[in-house]
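# Coordinates in review
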Amino acid sequence: MAAAQQLAATAAALRGSGQIGHAVSLIQDTSASLSPLESAAAIALLRDGQDDLADTAIGINGRSRAEGDVMRIAVELHALGLPDDAGAILRAALAHTPAQT
């Protein structure tokens, strides 16, 4: 979980120094390199005091990750006691998926 802790700490530090754009870029650039478990852990860590960054991470992961990864992240978020975030990442993924006819 070191990668999740590093991401959360660095993003929070960037936000704290007024560099919100850099924090968002960091989340966007690193989201694909984290495992679903690490992504869920990073979101949980950000949820503890950095709600806007947690919401950003949910949106980025929901839109950019493969369906299986999104489902795994959602399961992990639920297991971590964050069912609302689990639902939010699923909704973000569905909003990004073209409608089937």
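Here is what the cut-offs are and how they apply
Residues numbered from 1 in each chain as written. Predicted model: local features only at pLDDT ≥ 70, side-chain atom pairs only at ≥ 80, totals over all residues. Heavy atoms only, no water. Salt bridge = Lys/Arg side-chain N within 4 Å of Asp/Glu carboxyl O. Helix = DSSP H or I, 4+ residues; strand = E, 2+ residues; numbered from the N terminus. Buried < 20%, exposed > 50% of the residue type's maximum accessible area, 1.4 Å probe, protein only. Expected span 1.5 Å × (residues − 1). Contact = heavy atoms within 4.5 Å.

A few words on the pattern of salt bridges. Under the counting rule described, the total for this entry stands at six salt bridges. With a closest N to O distance of 2.7 Å, Arg-15 and Asp-52 form a salt bridge. Of the two residues, Arg-15 sits in helix H1 (residues 2-16) while Asp-52 sits in helix H4 (residues 51-64), which places them 37 residues apart along the sequence. Overall, the relative accessible area of 33% leaves Asp-52 in the partly exposed class. Here Arg-72 makes a salt bridge to Asp-69, at a shortest N to O gap of 3.9 Å. Linking Arg-72 with Asp-69, this pair stays in helix H5 (residues 67-79), spanning three residues, or about one helical turn. For Asp-69, a relative accessible area of 22% puts it in the partly exposed group. Within this structure, Arg-47, Asp-51, Asp-55 and Asp-85 form a network of salt bridges that share partners.

Once that is clear, we can look at H1. If you check H1, its first and last C-alpha atoms are 21 Å apart, about what 15 residues at 1.5 Å a residue would give, namely 21 Å. Buried positions along H1 lie against helix H2 (20-30), helix H3 (36-47) and H4. Backbone geometry just downstream of H1 places Gly-18 in the positive-phi region, at approximately 85 degrees.

Honestly, it's all geometry; don't read function into it.
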